[in-house]
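# Structural description and commentary
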Amino acid sequence: MNCLRDKARLLLSRAVSCTQRSSCLSQGWARHSHTLPALRFHTCPVAGDTAQSVDRFQGSNLRVPVFNWRREVVGEHTLPGDIFNVPIRKDILHRVVRWQLAKRQQGTHKTKTRSEVRGGGRKPHSQKGSGRARFGSIRAAQRRGGGIIFGPVVRSHEHGLQKKVRKLGLKCALTAKATEGRLTVVDSLAVDPPKTKVLDEQLHALLPDVPRRSILIIDSSKDTSDGGDNLRKAASNLPWTDVLPQGGANVYSILQRDNLILSRSAVDLLVERLRQTRPLKAETSS
Amino acid sequence: MPADLLEGLISKSAASTQCRYSLQNMRPFSGGHASTSSPGEREFIALNNLSDNPGATHYKKRLGRGIGSGLGKTSGRGHKGQGARTGRSPKLGFEGGQTPLRQRAPKRGFHNPHAVTWDPLNLKTLQEAVEKGQLQPGTVVTMKTLYDAGLLSKKIDHGIKLLGTGAEKFNKPLHLQVSQASASAVAAVERAGGSVTKVYYNKLGLRALLKPDWFARKQRLLPRPARPPPAMAPKFDVIGSLPPVSVIQPGAAVAAA
């Protein structure tokens, strides 16, 4: 599959050079810098401005088309506004990403203190009378080959983050993708036959404008028909393409990739999960 | 400088950014709050441009790093003495060897280890709970019911005493089983068509009543109901059963009255 990787690189380099050549009228997105000057888009008369101003209201539901793999519209889906249209809190996203990265840090780092460095049990020379400086050990910190003071020790870097903040972070990440127009809802993510080539072509058809296909695909679970094992097998060797079940959807993975593809059932399950509240006291105790 | 001109162009074309999405999708996504930094730039949220709010992070004090830092030579610990050394600082309330304040004051009063305290529950709370639908009017309300409805505190020592705050407005018929009740509360409940039964649970029994899960989890049997001590017996109507009886028995209300 090295050829695919090369192909992707080629596409990337072409896209970058393209944007450099015609910065004003280029249709592609800037790849390396995530800051995109609005000048890049071709100025055209604003159609449907009134509809937009209604939709822009925070908290309102978003109605989006549902595509199939050939980018044909096969239906419509409503993304609830309390999850896909919340105010984007960058600070919350930052905190959640930091929490995720800290949590996954292995923490296997260690230096040896003077007691752990081999040797050094004997007093090098007598305290007095030798004409030399006083020393108790050859492994003291100031000596060559000596121990390290306050060096790193094996530890967990994990820190806490409130569950409500984590939940809000996920909502913000989904909202960010939705408002940027980089969220696509698909009716089914099934790949048949389970070949990388097939999936590559399908993704190309689904997202034709995207030069670097940096994509996170979220299906409902590992063993359902909308994606499942076939999708994972097919995507495992595609560069910049990740697959997650909806239960594993997280802020870091969403922000890591440019585009987000959700299956229709994944959206429903995700919404249901994010709306769940803590069970009432009466339910738990009886 | 063509800055003004550029800005004008940018603001004009900011609307067209959304227009592009409207062509791409059937209904446009809202794009209002994605770019909060400046009107001209459309900034995609990605891992490389996240930041916390300014002032959200505390920076570590760097002790002993030169005069300019203000925490140089003695690292803010002052000169020689116990406070300047490493290790534990003197315990709280230690006054350098002088008799501390808490020892200077004379002892006063006494602690009664046998004291029985009732957690108060007011009729006003019950009235509100019924109005909110947390309690059903006309039913038997045990302390377990009240606990599950979230009307009691988490830790209850010996039981609940029903008190008469809000008695004049109380009008919901409830058959209450509580430890104690004031005369005004009993009168108000009966006026509303309910009844009050004073049931006795000892501390273990009360725990079995409120948290039967704990016994199930530990695979223990529920304790048998205990009799009240002779001195306390006249204060109660019945010995509380475990698990509680929550069906209205024909003679119960009469016996309570």
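Nothing here was measured: the structure is a model prediction, and the numbers come from that model. (Residues numbered from 1 in each chain as written. Chains lettered and ligands numbered in written order. Predicted model: local features only at pLDDT ≥ 70, side-chain atom pairs only at ≥ 80, totals over all residues.)

## Overview of the overall build of chain B
When helices and strands are counted, chain B shows eight helices and eight strands. Looking at the 257 residues of chain B, the share that counts as buried comes to 24%. Looking at chain B alone, contacts between residues at least 24 apart form 51% of all its contacts between residues at least 6 apart. (Helix = DSSP H or I, 4+ residues; strand = E, 2+ residues; numbered from the N terminus. Buried ≥ 20, exposed ≤ 12 C-beta atoms within 10 Å, placed from the backbone. Contact = placed C-beta atoms within 7 Å.)

## Considering the overall build of chain A
Helix and strand counts for chain A stand at 10 helices and seven strands. Counting over 286 residues, chain A shows a buried share of 29%. If you take every contact in chain A between residues at least 6 apart in sequence, the share linking residues at least 24 apart comes to 70%.

## Considering the packing of helix H4 (residues 90-104) of chain A against helix H5 (residues 163-179) of chain A
Residue and element names in this part refer to chain A. Look at H4 against H5: their axes get within 9 Å of each other, and the N-to-C directions meet at 115°. You can see that H4 and H5 cross each other, and the crossing is left-handed. From H4, Ile92, Leu93, Arg95 and Val96 reach across to H5, where they touch Val165, Arg166, Leu168, Gly169, Cys172 and Ala173. Classifying every residue of the contact of H4 with H5 by side-chain character gives seven nonpolar, one polar and two charged. (Axes fitted to C-alpha atoms, helices over the stretch in contact; angles between N-to-C directions. Left-handed = near helix turned anticlockwise from the far one by under 90°. Nonpolar A, V, L, I, M, F, W, Y, C, P; charged D, E, K, R; others polar.)

## Let's talk about the sheet that holds strand E5 (residues 175-178) of chain B
Spatially, the four strands line up as an open sheet ordered E3-E5-E7-E8 (chain B), and their pairing is parallel. What marks the edges here is a single partner per strand, and that holds for strand E3 (140-141) and strand E8 (238-239) of chain B. (Pairing = 2+ DSSP bridges.)

## Notes on the sheet that holds strand E6 (residues 241-245) of chain A
Residues and elements named next belong to chain A. As summarised here, the arrangement of the six strands in space is E3-E2-E4-E7-E5-E6, forming an open sheet in which the pairing is mixed. Of all the strands in the sheet, just strand E3 (73-79) and E6 have a single pairing partner and so form its edges. Neighbouring strand axes in the sheet, compared pairwise and without regard to direction, differ in orientation by 30° on average. Sheet analysis places strand E2 (residues 62-67) next to strand E4 (residues 183-186), joined by two bridges and oriented parallel. Note that in E4 the partner of Phe67 across the bridge is Val186. This element, helix H9 (residues 264-275), spans E2, E3, E4, strand E5 (215-219) and strand E7 (259-263) of the sheet and lies at about 90° to E7.

## Description of unusual backbone geometry
Going from Asp192 of chain A to Pro193 of chain A, the amide bond is cis rather than trans, its omega being -5°. Mapped onto the elements, Pro193 of chain A comes out in the loop between E4 and helix H6 (196-206). Backbone torsion omega between Leu242 of chain B and Pro243 of chain B reads -10°, so that peptide bond is classified as cis. Here Pro243 of chain B is to be found in the loop between E8 and helix H8 (252-256). We note that Arg71 of chain A has phi near 55°; this positive angle belongs to a residue other than glycine. Relative to the helices and strands, Arg71 of chain A is located in the loop between E2 and E3. According to the C-beta neighbour criterion, Arg71 of chain A is partly exposed, with 15 such atoms within 10 Å. Of note in the backbone geometry, Trp240 of chain A takes a positive phi value of approximately 60° without being a glycine. Among the structural elements, Trp240 of chain A can be located in the loop between helix H7 (228-235) and E6. On the neighbour-count criterion, Trp240 of chain A (16 C-beta atoms within 10 Å) is partly exposed.

## A word on the pairing of E6 of chain A
Here five bridges tie E5 of chain A to E6 of chain A, and the two strands are oriented parallel to one another. Paired with Ile217 of chain A across the bridge in E6 of chain A is Val243 of chain A.

## Some words on the nonpolar core
All names here are of chain A. If you look at the biggest cluster of nonpolar residues, it comprises 49 residues, and the most contacted ones within it are Leu93, Cys172, Ala173, Ile217 and Leu262. Ranked by the residues each element gives to this core, the list is headed by H5, at seven residues. The residues contacting Cys172, other than those within four sequence positions of it, are Val86, Ile88, Arg89, Ile92 and Leu93. (Core = buried A, V, L, I, M, F, W, Y, C linked by C-beta atoms within 7 Å.)

## Observations regarding H5 of chain A
Residue and element names in this part refer to chain A. Taking 1.5 Å of rise per residue, the 17 residues of H5 would be expected to cover 24 Å, and the 24 Å separating its terminal C-alpha atoms lies within 8% of that figure. Along H5, 12 of the 17 residues are buried, which leaves the element largely enclosed by surrounding structure. Here H5 has its buried residues at Leu168, Gly169, Leu170, Lys171, Cys172, Ala173, Leu174, Thr175, Ala176, Lys177, Ala178 and Thr179. A positive backbone phi angle near 70° is found at Gly181, which sits one or two residues after H5. (Expected span 1.5 Å × (residues − 1).)

## Here's the deal with the confidence of the model for chain A
Summarising the model, chain A shows a mean pLDDT of 81, and 77% of its residues fall at 70 or more. Confidence drops under pLDDT 50 across residues 280-286 of chain A; counting only partners more than four residues distant or on other chains, this segment forms eight contacts. (pLDDT = per-residue confidence, 0-100.)

## Considerations on H6 of chain A
All names here are of chain A. Buried within H6 we find Leu199, Asp200 and Leu203. An end-on view of H6 places all buried positions within 105° of arc, on one side of the element. For H6, exposure combined with an orientation more than 90 degrees from the buried face picks out Lys197 and Glu201. (Arc of directions from axis to C-beta.)

## Comments concerning the environment of Val189 of chain B
Residues and elements named next belong to chain B. The topology assignment puts Val189 in helix H5 (residues 183-191). Assessed through the 24 C-beta atoms surrounding it within 10 Å, Val189 is described here as buried. A sequence separation of 13 residues divides Val189 from Leu176, and the C-alpha atoms of the two residues are 8.7 Å apart. Discounting chain neighbours no more than four positions away, the residues touching Val189 are Leu174, Leu176, Gly194, Ser195 and Val196.

## Quick notes on the confidence of the model for chain B
Residue and element names in this part refer to chain B. Chain-level statistics for chain B give a pLDDT mean of 82 and a share of 79% at 70 or above. Per-residue pLDDT stays below 50 along residues 8-40; that stretch engages in 80 contacts with residues further than four places along the chain or on separate chains. The model gives residues 250-257 a pLDDT under 50, and that stretch makes 10 contacts with residues more than four places away or in other chains. Confidence metrics for the complex model read pTM 0.60 and ipTM 0.70.

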